[in-house]
Amino acid sequence: MPTRRSMIKTSAAGLVGLGLSAYMKPLLAGENRRFRIGACDWSIGKRCDPTAFEFAAKLGLDGVQVSVVNDQDIIHLNDPTTRRNYQKAARKSGTQIGGLAIGRMNEVPYKSDPRTEEWVSSSIDLAKKLGVHAILLAFFSKGDIKGDKEGTKEVIRRLKKIAPKAEKAGVILGVESWLSAKEHMEIIDAVESPNVQVYYDLANSNKMGYDIYEEIVWLGKSQICEFHFKENDFLLGQGRVDFQRIRTVLDEIDYSGWVVIEGATPKGTSIEDAYLHNVSFVRGVMA
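None of the values given here were measured: they were computed from a predicted structure.

Enquirer: Quick question: what am I supposed to make of the sheet that holds strand β5 (residues 172-177) here?
Expert: The strand order around the closed barrel built from 8 strands is β1-β2-β3-β4-β5-β6-β7-β8, with neighbouring strands paired in parallel fashion. On average, each strand axis in the sheet is tilted by 30° relative to the strand beside it, whichever way the strands run. Pairing analysis gives 5 bridges linking strand β2 (residues 63-67) to strand β3 (residues 96-102), with the strands arranged parallel. Paired with Ser67 across the bridge in β3 is Ala101. Of the strands in this sheet, β2 and β3 touch helix α1 (residues 52-59), which is tilted by about 145° from β2. Taken strand by strand, helix α6 (residues 181-191) contacts β5 and β6 (196-201), and its axis lies near 160° from that of β6.

Structural data, given as structure tokens:
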């Protein structure tokens, strides 16, 4: 991998992961743990549904990444009553709102549709009200920018325009795409904001043939806001990603924060059974 001028390598010497005293217990508000294990609401069959938090607690998760999938979701979630319902559901279950994800941008591209600029802006307001640290910006399907020079230029222009608002709110905009680490950094360096980072999806990058272990170290914790722990058609630990090696590189870059489980439900396996396995597996690896 090429050397990025601003890359800072960190050492894992002396780093010890914190033990999990309650192996399958959700993270309670105020607890200080190095890793928080979440799941996408769409992956546990609870898209845009406050009951996701109760189900997440049953699965042993620490929180839920909430999706924005249509034009009305941000307006809906910004409604004070709806927002309180989500917060109440999270508190009651002992879990957290682990983040927001604007998956709608896969079909309504950020690179071309003017509506998406307002969505991102409104999502920053929502994230601040919910106490959410990161917003996933999706760049797949119609929103794909891999090999699209003009589309990438427009994405950079829009991110550069909205970045000061994200900085002021203390919210990270996480780019998830088919791009390599180097291609992601070309965007981040052009935007010139610490609040635009990579949302690193292990399965997506592995599928593209990137060396995910090397990429994570090269990017470092200052450029990765969160991770999707993901497999396609496999339970975690039974697919293509070496999660024990992932844990080693997370130690190397001294990463702490959310690891969010996505997918990893093979055909013929129920969501509940799959996620009881997935959560137990991740807790074992990250303990």
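Enquirer: For this particular structure, what's the right way to read unusual backbone geometry?
Expert: Outside of glycine, negative phi angles account for most residues, and trans bonds account for most peptide bonds. Even without glycine at this site, Cys48 takes up a positive phi of about 55°. Take Cys48: it is sitting in the loop between β1 (35-40) and α1. By relative accessible area, Cys48 is classed as partly exposed at 24%. The backbone of Glu192 shows a phi angle near 60°, a positive value even though the residue is not glycine. Structurally, Glu192 can be placed in the loop between α6 and β6.

Reading the values: rules and limits
Residues numbered from 1 in each chain as written. Predicted model: local features only at pLDDT ≥ 70, side-chain atom pairs only at ≥ 80, totals over all residues. Heavy atoms only, no water. Pairing = 2+ DSSP bridges. Helix = DSSP H or I, 4+ residues; strand = E, 2+ residues; numbered from the N terminus. Axes fitted to C-alpha atoms, helices over the stretch in contact; angles between N-to-C directions. Contact = heavy atoms within 4.5 Å. Buried < 20%, exposed > 50% of the residue type's maximum accessible area, 1.4 Å probe, protein only.

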